[in-house]
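# A look at the structure
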Amino acid sequence: MGESELKGDMGCAAGGAPDVIAAPLPQEPQARRSAAARKVGIEIEFGGLSVAHAQKIVQRELGGEIRAQDRADGPNPHVKATALGDVEVYLDSRYRSKPGLGKTLVAMAEPLIPVEIVTPPLKQSQLSQLDQLCVRLAEAGATGTQDRVLNGFGVHLNVEVADMTAEHIGPVLTSFALLEPLLRRIPGIDLSRRVQPFIAPYPKALVDALCASPPQTMDDLLRLYLEHAADRNHALDLLPLLADYAPDRVRAALGEGDKTAARPAYHYRLPDCRLGDPDWSITREWNRWAEVEQIARDGRLKALIEGWQARPRSEQLMSREWAKHAADILGISGREGIA
C-alpha cells in the first residue's frame, strides 16, 4: 500500500498540521473535471467560542468583512471576501432552526451550541490556509471532538465529483462502503460521535449489492442507493449528489419536506473535528478521502470486493472482523487500532 494516508505515515507540524501536503486525487480519463481542478467545500463544527469571537479570528487570519444576518431569509452570518471567499460562521443550524427557540433563548444557550464554519468550494492548494485557521481557533480556546464527552463535532468534506456518471461515482461509492469499517478505526472515531445518529454505517445489503452488481448507469445507482440508504445521516451522504442528478426522484423518495441541498459533490461526513490535536488536520482528512478514490481506481478495489464476497456472512456482519481482513488485503494489518 506504500505511504498511504490510510496507513497514517504523514507527519504533522507542532500545534496543528499546516505542513501536511494535500494528496492528489486520481486522474480519471475523459472525466468532465481534471483531478487537480476539482474543488472541495469544508464544514467545521466546534465549541468553546462565541460566533462573534470565531468571526473575528476568521477575519484576522483570512481578511474580509464581518456581515450579520440581516433578515431570516438572507445569507447566514459570514465573513465576506476573505482570502478563501465568503466564509459562513454561525451557530449550528440544527439548533438555530428548532421551532420555539426565540433569539433570547438562542443567545442564552449559545455557549452550549456548536459553531459552524462553512467555506465555499476551495482549491485543493487552499486547504493549508484552512489548517492554519484551525490552529488559530484552537489557540483561542476552540474545543474539538476529543475535549469533552458530549463534543460530537465533525468535519464535512464536500468533494466535487469528477463526472456525473456511474463509471466515476460507482467505484468510489463501493470503495468507501468496503473501507468504512477500517476508516472508523484509523485514526478512530470518537465515542461521542459513534453514539450519535449522524454518521450511521452503510447497511450490509448495500455493500452486497455494490459488489455483486456494480451500477452501470446513474439510474441504476440512484435506485440502488435510495433502496438501501435513503438517509442523510450516513458517513458518506450521496443524497446531495443524487439530488443534483434527479431532484424530483430524490424528493419523491424522501418526502416533500426534505431540505437536501443539491450539489455535484460527495458529502463525506465521517471525520472528527479534533482542533488542538497535533496529529490532526483537515488536509490529513482530505488525504484519507483521496486514498478512498485512489483505491477505487486501482487493483485494490477488485481485491477488496473478492475478499468481501469470500468471507462468511457471520464475519461480514462483524465490522471489526471485516476491518481486520480489509487491512490484511491492503497490507496495513499492523496498524494501531485495527487488531
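Here the structure is a predicted model, which is why all the values come from computation and not from measurement.

Along the backbone of the chain there are 14 helices and eight strands. Counted over contacts in the chain with a minimum sequence separation of 6, partners at least 24 positions apart contribute 73%. For the chain, the accessible area works out to roughly 15,000 Å², and carbon and sulfur atoms hold 52% of it.

What follows is about the pattern of salt bridges. Taken as a whole and judged by the stated rule, the model has 19 salt bridges. With its nearest N and O atoms 3.1 Å apart, the salt bridge here joins R297 to E28. Residue R297 is found in the loop between α11 (282-296) and α12 (299-310), and its partner E28 is found in the segment before β1 (40-46); the two are separated by 269 residues along the sequence. The shortest N-O distance in the salt bridge between K80 and D86 comes to 3.7 Å. Residue classification places K80 among the partly exposed residues on the basis of a relative accessible area of 31%. Each member of the salt-bridge network shares a partner with another, and the members are E61, R136 and E139.

Let's shift gears to the sheet that holds strand β5 (residues 115-118). The strands making up a sheet associate through hydrogen bonds between their backbones, and the pairing can be parallel or antiparallel. Pairing in this open sheet of eight strands is antiparallel, and the strands run β2-β3-β4-β5-β1-β6-β8-β7 from one edge to the other. Edge strands, defined here as strands with exactly one partner in the open sheet, are β2 (65-67) and β7 (236-237). Here helix α5 (residues 166-188) sits on the sheet and contacts β7 and β8 (265-268); the angle it forms with β8, its principal contact strand, is near 10°. Strands in contact with α11 are β1, β6 (155-160), β7 and β8; relative to β6, the strand with the most contacts, it is inclined by about 45°.

Moving on, we come to the nonpolar core. Counting 87 residues, the largest nonpolar core has I42, I44, F46, L238, Y266 and W289 as the members making the most contacts within it. It is α5 that contributes the most residues to this core, ten residues altogether. Ignoring sequence-local partners within four residues, the contact set of F46 consists of A54, P114, V115, I117, L137, A142, T143, F153 and L275.

Moving on: the packing of aromatic side chains. Ring pairs (aromatic) are described by centroid distance and by the angle formed between their planes. Here the structure, examined in full by the defined rule, presents six aromatic pairs. Aromatic side chains F176 and Y202 sit 5.9 Å apart centroid to centroid with 85° between the ring planes, which places their arrangement in the edge-to-face category. Highlighted residues: F176 in helix α5 and Y202 in the loop between α6 (191-194) and α7 (204-212), separated in sequence by 26 residues. For F176, a relative accessible area of 0% corresponds to the buried category. Taking relative accessible area as the criterion, Y202 reaches 4% and is therefore assigned buried.

Thresholds, definitions, all that
Residues numbered from 1 in each chain as written. Predicted model: local features only at pLDDT ≥ 70, side-chain atom pairs only at ≥ 80, totals over all residues. Heavy atoms only, no water. Helix = DSSP H or I, 4+ residues; strand = E, 2+ residues; numbered from the N terminus. Contact = heavy atoms within 4.5 Å. Areas by Shrake-Rupley, 256 points an atom, 1.4 Å probe, with all protein chains shown as cover. Salt bridge = Lys/Arg side-chain N within 4 Å of Asp/Glu carboxyl O. Buried < 20%, exposed > 50% of the residue type's maximum accessible area, 1.4 Å probe, protein only. Pairing = 2+ DSSP bridges. Axes fitted to C-alpha atoms, helices over the stretch in contact; angles between N-to-C directions. Core = buried A, V, L, I, M, F, W, Y, C linked by side-chain atoms within 4.5 Å. Phe/Tyr/Trp six-rings, centres within 6.5 Å; stacked < 30°, edge-to-face > 60°.

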